[in-house]
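Letter by letter, the chains look like this.
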Amino acid sequence: MSARLLVTALVDPGSTIALSSAQWTALIAIARAEQLIGSLAYRLDGLALPEPVENIMAAARASAEQQRLRALWEAEMARRALAPLAVPVVLLKGTAFVAAGLDAGVGRSIGDLDILVPRARIDEAEAALLGAGWERIKADAYDDAYYRRWMHELPPLIHVERDRMIDVHHTILPPTARPKPDAARMIAERIELGNGLAILSPADIVIHAAAHLFADGDLAGGLRNLWDIDRLCREFGERDEGSYLRLVEEAYAAKLGPHVLRALRLTHHLYATPVPAYHQAFRLAVELTPSDRLFLHRLLARDAWGRPIRSVTRFGFYVRSHALRMPPHLLARHLAIKWWKSRRSA
Amino acid sequence: MRHNLALQVGDVGFRVGSAWRAPIAALRALYAGYPEPAIAEFTVRLEPERPLRRWVRPSIAIAGDYTLPEAAPLALAHGLLAAEMGMNLQMALGHRRHLLLHAAALERDGKALLLSGVSGAGKSTLAALLGERGWRFMGDEFALIDLTDGRAHAFPRAVSLKNESVAVMAREAKPDRFGPELRNTPKGTIRHLRPRGDAIARMREPAPPALLLFPRFGETEAVRLLGSAEVFVRLTQASTNYVALGEPGFAALSRLVRGVPARAIDYSDTKSAIALVERLWRELAA
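## Describing the overall build of chain B
Then, in step 1: Regarding its fold elements, chain B presents 9 helices and 16 strands.
Then, in step 2: Against the 2.2 N^0.38 benchmark of 19 Å for 286 residues, chain B shows a C-alpha radius of gyration of 18 Å, consistent with a compact globule.
Then, in step 3: Over its C-alpha atoms, taken along the principal directions, chain B stretches across nearly 55 × 45 × 35 Å.
Then, in step 4: Evaluated residue by residue, chain B yields a buried proportion of 59% over its 286 residues.
Then, in step 5: Sequence-distant contacts, at least 24 apart, represent 69% of the contacts inside chain B between residues at least 6 apart.

## As for the environment of Gly 218 of chain B
Then, in step 1: Turning to its location among the elements, Gly 218 of chain B is positioned in the loop between strand E14 (209–217) and strand E15 (222–225).
Then, in step 2: Sequence-distant contacts of Gly 218 of chain B, defined by excluding residues within four places in its chain, comprise Tyr 267 and Ser 268 of chain B.

## Quick notes on the environment of Arg 32 of chain A
Then, in step 1: With respect to the helices, strands and loops of the structure, Arg 32 of chain A is situated in helix H2 (residues 21–33).
Then, in step 2: Overall, Arg 32 of chain A belongs to the buried group, its relative accessible area being 9%.
Then, in step 3: Each C-alpha atom of the pair Arg 32 of chain A and Met 186 of chain A lies 33 Å from the other, and the pair is 154 residues apart in sequence.
Then, in step 4: Setting aside residues up to four positions removed in sequence, Arg 32 of chain A forms contacts with Ile 37 and Ile 56 of chain A together with Glu 41, Phe 42, Asp 65 and Tyr 66 of chain B.

## Digging into the nonpolar core
Then, in step 1: Core analysis: the largest hydrophobic core is formed by 101 residues, its most contacted members being Leu 223 and Leu 226 of chain A.
Then, in step 2: Per-element accounting of this core gives the leading share, 9 residues, to helix H4 (residues 51–82) of chain A.
Then, in step 3: The contact partners of Leu 226 of chain A, leaving out residues within four places of it in the chain, are Leu 213, Phe 214, Ala 263, Leu 266, Thr 267, Leu 270, Tyr 271 and Leu 299 of chain A.
Then, in step 4: The next biggest cluster of nonpolar side chains, apart from the first, holds 35 residues, and it includes Phe 14, Val 16, Leu 80 and Leu 182 of chain B.

## Focus: the interface of chain A and chain B
Then, in step 1: Facing the 21 residues of chain A at the interface are 23 residues of chain B.
Then, in step 2: Interface area for chain A against chain B, summed over the two sides, is near 1800 Å², with a carbon-plus-sulfur share of 58%.
Then, in step 3: Among the residues chain A hides against chain B, the three largest losses belong to Thr 25, Arg 32 and Trp 305 of chain A. Together they make up 41% of the total.
Then, in step 4: Where Arg 32 of chain A meets Asp 65 of chain B, a salt bridge forms, and the shortest distance between an N and an O atom there is 2.6 Å.
Then, in step 5: Our count for the chain A to chain B interface comes out at 6 residue pairs in polar contact (both at pLDDT 80 or more).
Then, in step 6: Elements that contribute at least two residues to the side of chain A that touches chain B include exactly H2 and H4 of chain A.
Then, in step 7: Considering every element that reaches the side of chain A that touches chain B, the biggest residue donor is H4 of chain A, with 8 residues.

## Focus on helix H8 (residues 247–259) of chain B
Residues and elements named next belong to chain B.
Then, in step 1: With 13 residues, H8 extends 18 Å from end C-alpha to end C-alpha; this agrees with the ideal 18 Å at 1.5 Å per step.
Then, in step 2: Turning to H8, its buried residues are Gly 249, Ala 252, Leu 253, Ser 254, Leu 256 and Val 257.
Then, in step 3: Those residues of H8 that are buried are in contact with strand E6 (98–108), strand E7 (111–116), strand E9 (142–146), E14, helix H6 (228–238) and helix H7 (242–245).

## So, the sheet that holds strand E2 (residues 12–18) of chain B
Residue and element names in this part refer to chain B.
Then, in step 1: Reading across the sheet, the 5 strands line up as E1-E2-E3-E4-E5 and stay open at both edges, with mixed pairing between neighbours. Lying at the two open borders of the sheet, with one neighbouring strand each, are strand E1 (3–9) and strand E5 (74–75).
Then, in step 2: In the sheet, strand E4 (residues 59–64) pairs with E5 via 2 bridges, with the strands oriented antiparallel. Of the residues in E5, the one forming a bridge with Ser 59 is Ala 75.
Then, in step 3: Across the face of the sheet, helix H2 (residues 79–94) comes into contact with E1, E2, strand E3 (42–48), E4 and E5 while running at roughly 140° to E3.

## Regarding the packing of H6 of chain B against H8 of chain B
Residue and element names in this part refer to chain B.
Then, in step 1: Viewed as axis vectors pointing N to C, H6 and H8 meet at an angle of 135°, and their least axial separation amounts to 10 Å. In terms of axis orientation, H6 runs oblique to H8. Here H6 and H8 pass one another in a crossing that is right-handed. The segment H6 lies against H8, with Ser 228, Val 231, Phe 232, Leu 235 and Thr 236 engaging Phe 250, Leu 253, Ser 254, Leu 256 and Val 257.
Then, in step 2: Tallied by class, the residues present in the contact of H6 with H8 amount to 7 nonpolar, 3 polar and no charged.

## Let's talk about the packing of aromatic side chains
Then, in step 1: Inspection of the entire model under this criterion finds 14 aromatic pairs over all chains.
Then, in step 2: Here the guanidinium or amino end of Arg 149 of chain A rests over the ring plane of Trp 150 of chain A, the centre of that ring lying 4.1 Å away.
Then, in step 3: Residue placement shows Arg 15 of chain B over the ring face of Trp 305 of chain A; its charged tip is 4.0 Å from the ring centre.

## With respect to the side chain of Glu 76 of chain A
Residues and elements named next belong to chain A.
Then, in step 1: In this fold, Glu 76 is placed in helix H4.
Then, in step 2: Here Glu 76 falls in the buried class, since its relative accessible area comes to 18%.
Then, in step 3: Here Arg 79 takes part through its side chain, which lies 2.9 Å from a polar atom of the side chain of Glu 76.

Definitions and cut-offs
Residues numbered from 1 in each chain as written. Chains lettered and ligands numbered in written order. Predicted model: local features only at pLDDT ≥ 70, side-chain atom pairs only at ≥ 80, totals over all residues. Heavy atoms only, no water. Helix = DSSP H or I, 4+ residues; strand = E, 2+ residues; numbered from the N terminus. Rg over C-alpha atoms; globule rule 2.2 N^0.38 Å. Buried < 20%, exposed > 50% of the residue type's maximum accessible area, 1.4 Å probe, protein only. Contact = heavy atoms within 4.5 Å. Core = buried A, V, L, I, M, F, W, Y, C linked by side-chain atoms within 4.5 Å. Buried area = accessible area lost by both parts, 1.4 Å probe. Salt bridge = Lys/Arg side-chain N within 4 Å of Asp/Glu carboxyl O. Polar contact = N/O pair within 3.5 Å; in protein donor to acceptor, adjacent residues only side chain to side chain. Expected span 1.5 Å × (residues − 1). Pairing = 2+ DSSP bridges. Axes fitted to C-alpha atoms, helices over the stretch in contact; angles between N-to-C directions. Parallel < 35°, antiparallel > 145°, perpendicular 65-115°, else oblique. Left-handed = near helix turned anticlockwise from the far one by under 90°. Nonpolar A, V, L, I, M, F, W, Y, C, P; charged D, E, K, R; others polar. Phe/Tyr/Trp six-rings, centres within 6.5 Å; stacked < 30°, edge-to-face > 60°. Lys NZ or Arg CZ within 6 Å of the ring centre and 35° of its normal.

Structural measurements only, silent on function.
Below, the structure is given as structure tokens:
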């Protein structure tokens, strides 16, 4: 048993007709654990489902719709706070999907608001948000300094009344990571939504999702991330036949070519993302590589109770996530400070 | 998980899995006669806090579909309490099909009485007592308000009796309906009481709320009329999902506050409390 059950239900909702009661229970637990219950609920919408499942899915759709409204409202609040600065405000991740009405936003769970602003204006942006009711939550001076020195975003801020977090990014990967995407170009090529907010270009949205998954993190929530990428690629590919070529071209320019190609191989394998068979001088190979199999092993690591399994693989990716973020000497220093602080507070 | 049990409580199906046999055996005995859902809406997992804690000084971490990262682990001897807390946690964090009120509920003549109050206000004991004296027990923890028609749905899990209430209820119900006494839990001494058979048999029958009381134990007897604004604010605080539901939650709560008479009641002993509830029910709801 693995999270393959969830993947199959998302790709082929009609196949759920054959599920046993025990498999339904497992599917629901796994979908919740991977934060894909809302996406699944929309995929199953309109099918004849067992009554308890239909009740759960109807509630999941209502909950996703509520999250969508709250996310849009939160984006509008940020827009109002930042409007006096006349600075581009680019929505990222789930909020961008729902604000632009993309398929990837259908049923998506959305937590924090993520925005991208030009690095040169980030201090002004922070001051404007602090003036509009957001507050710092990282009280610890080291953590605060760590964010400002080594991260691609400000320490998270939380709104005092609405209790919602905002992550203000100045680029899409920590400055210590090896790939150095050009945030200024991404902001320059943004797509205005006409309401004072913007999203990244189609290629950059996918690049950001792939970078977030494979160059910055331990693959937690990976199935949802790849589901985003599948939905995005399908929609952009239908609109524009050249979208994959532009995506790969931009990805290599951002030194994220291998990350995007891995994302395409894995979404093709898991979610049957249609990748066009180009017959030019280069082709997108969708055959899995040996290392892809390790990624799959990690992505599908859930049992029927929704529990994380395959702890060795999980730990491996956890270690990798730190190695990706920081060169070894910096990592050693960071862990030493964290250890010393934890001893002092104990 | 090897040790597991599926339980239907009102409209909600749970599956509880455990790394140990004992909590499931205790749960099965306490919940004898409850239906078993084919498909569980929520999964609760009772897991070792760390791998070693399965065997050495076993301690239970409460997990499931929804988990609080900072929840304190419980001793294996308190497995029943862990299962109860695990089920409550799923409801509090994950339930979106109804407006969830932290309230006890009882039914008579097809209408529901809701008792809302902070922990320690005595609503569990009062609800358990009324449930033995002519009322159908609908739950001592959560009342589930339908988002479209406003009816209260039952959530009749076993009553969680604390400290002095254990002795009060021991005089009312037969011993075979009680779970084991759990001493030295974070909430004091706890003993669970299985509701009467009618409460279990009719658990899927909702009832429109007809009276809303805010009981408070330990004061001299008093009844206070509450303005609708105060009732509304008290109930938003008593709801775990009012904010998450958004507009449908606001509509359901507004309808409840506008349509149902509400009183705050103070009482010093359970006997007079029951008389007071009966009087208010006659005057306001019947």
